[in-house]
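Chain residues, written in single-letter form:
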Amino acid sequence: MLWIHPVFQALVTIGAFYVFYLGLQRFRSAHLGHRVPFDWKSHVFYGRLVIIGWLLGLVMGKIAVNQELGTMGIFADHNQGAMVMTPLMLIAYVSGTYMDRHKKKRKGLPLVHAGNNVLLLGVALYQMYTGWIVVTNFLLN
Ligand code: HEM
Ligand code: HEM
């Protein structure tokens, strides 16, 4: 049970970099004038999958800690990282869904979406780092 969350979240985080790679093609064509195609459907599909995956993973982490230790919020840095990710995930999902439903040429909202999601990826990397410390100190000990 304790291994499900770290393995699952690590895989989802790798998937997030693919979603970012797809989004980057949009950024290049919209802002840098590069003539590159943007796989809109895949970006939206896998983007949703990543956000839902991270949220499910968050709940699995909470349940695992609660079952094992009878309490939550033990791994302070890692837990705080998840609390920072939660609003960023909501902004990513809501802004992405809005732009998908109401397609038009725009500059501002895609930039907000991109900035928010670069931050989100950064915190996810921080989660990999703090999560790895939990793995070595708690799971492997
Ligand atoms: C980890 C998750 C995600 C990352 C890293 C990401 C990243 C990006 C980036 C870098 C862009 C280019 C923005 C620009 O041109 O300034 C973009 C555009 C876009 N993203 Fe995402 N995204 C994510 C999740 C999502 C989700 C969940 C959805 C939809 C439900 C979505 C829908 C869109 C759409 C529709 C655009 C094109 C907007 C436009 O140019 O009009 N994204 N994304
Ligand atoms: C990417 C690599 C990650 C690793 C290696 C990792 C590792 C861990 C480990 C070992 C635990 C203890 C429970 C268990 O073993 O199931 C844990 C708990 C937890 N993780 Fe992660 N995690 C990662 C990513 C994430 C992400 C992306 C989130 C948030 C979206 C997250 C949120 C949490 C939360 C909320 C807990 C419970 C903390 C507590 O109540 O003290 N983790 N994580």
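Right, let's walk through the structure included here. (Residues numbered from 1 in each chain as written. Chains lettered and ligands numbered in written order. Predicted model: local features only at pLDDT ≥ 70, side-chain atom pairs only at ≥ 80, totals over all residues. Heavy atoms only, no water.)

1. Some remarks on the coordination of the iron atom of ligand 2
Reference geometry at the metal: tetrahedral coordination by four donors gives ideal angles of 109.5 degrees; octahedral coordination by six donors gives 90 or 180 degrees.
Point 1. Summarising the metal site, the iron atom of ligand 2 is bound by the protein donors His5 (NE2) and His78 (NE2), whose distances to it range over 1.9 to 2.0 Å.
Point 2. Every donor counted, the six donor atoms about the iron atom of ligand 2 form angles of 86 to 179 degrees at the centre, which fits octahedral coordination. A residue pair is termed long-range when its members are at least 10 positions apart, and histidine 5 in helix H1 (residues 4–31) and histidine 78 in helix H3 (residues 76–101) qualify at 73 residues. For the residue pair histidine 5 and histidine 78, the accessibility class agrees, reading buried in each case. (Donors = N, O, S within 2.8 Å, 3.2 Å for Na, K, Ca; no water. Tetrahedral: all angles 85-135°; square planar, octahedral: opposite > 155°, others 65-115°. Helix = DSSP H or I, 4+ residues; strand = E, 2+ residues; numbered from the N terminus. Buried < 20%, exposed > 50% of the residue type's maximum accessible area, 1.4 Å probe, protein only.)

2. Observations concerning the side chain of threonine 97
Point 1. Tracing the backbone shows threonine 97 in helix H3.
Point 2. Within the structure, threonine 97 has its side chain in polar contact with the backbone oxygen of tyrosine 93 (distance 2.7 Å). (Polar contact = N/O pair within 3.5 Å; in protein donor to acceptor, adjacent residues only side chain to side chain.)

3. Some thoughts on the packing of aromatic side chains
Point 1. Going through the model one piece at a time under the given rule, you end up with four aromatic pairs.
Point 2. For the pair phenylalanine 38 and tryptophan 40, a centre-to-centre distance of 5.8 Å together with 65 degrees between the ring planes defines the contact as edge-to-face.
Point 3. For tryptophan 40, a relative accessible area of 24% corresponds to the partly exposed category.
Point 4. Three or more aromatic residues link up through ring pairs in this structure, and these residues are Tyr18, Phe45 and Tyr46. (Phe/Tyr/Trp six-rings, centres within 6.5 Å; stacked < 30°, edge-to-face > 60°.)

4. As for the packing of helix H2 (residues 40–69) against helix H4 (residues 108–139)
Point 1. Contact geometry for H2 and H4: axes closest at 13 Å, N-to-C directions at 30 degrees. By the angle between their axes, H2 is roughly parallel relative to H4. In this structure, H2 meets H4 at a crossing whose hand is left-handed. Residues His43, Ile51, Trp54, Glu68 and Leu69 of H2 form the contact with H4, whose participating residues are His113, Leu120, Leu121, Ala124 and Phe138.
Point 2. Split by residue class, the contact of H2 with H4 holds seven nonpolar, two polar and one charged. (Axes fitted to C-alpha atoms, helices over the stretch in contact; angles between N-to-C directions. Parallel < 35°, antiparallel > 145°, perpendicular 65-115°, else oblique. Left-handed = near helix turned anticlockwise from the far one by under 90°. Contact = heavy atoms within 4.5 Å. Nonpolar A, V, L, I, M, F, W, Y, C, P; charged D, E, K, R; others polar.)

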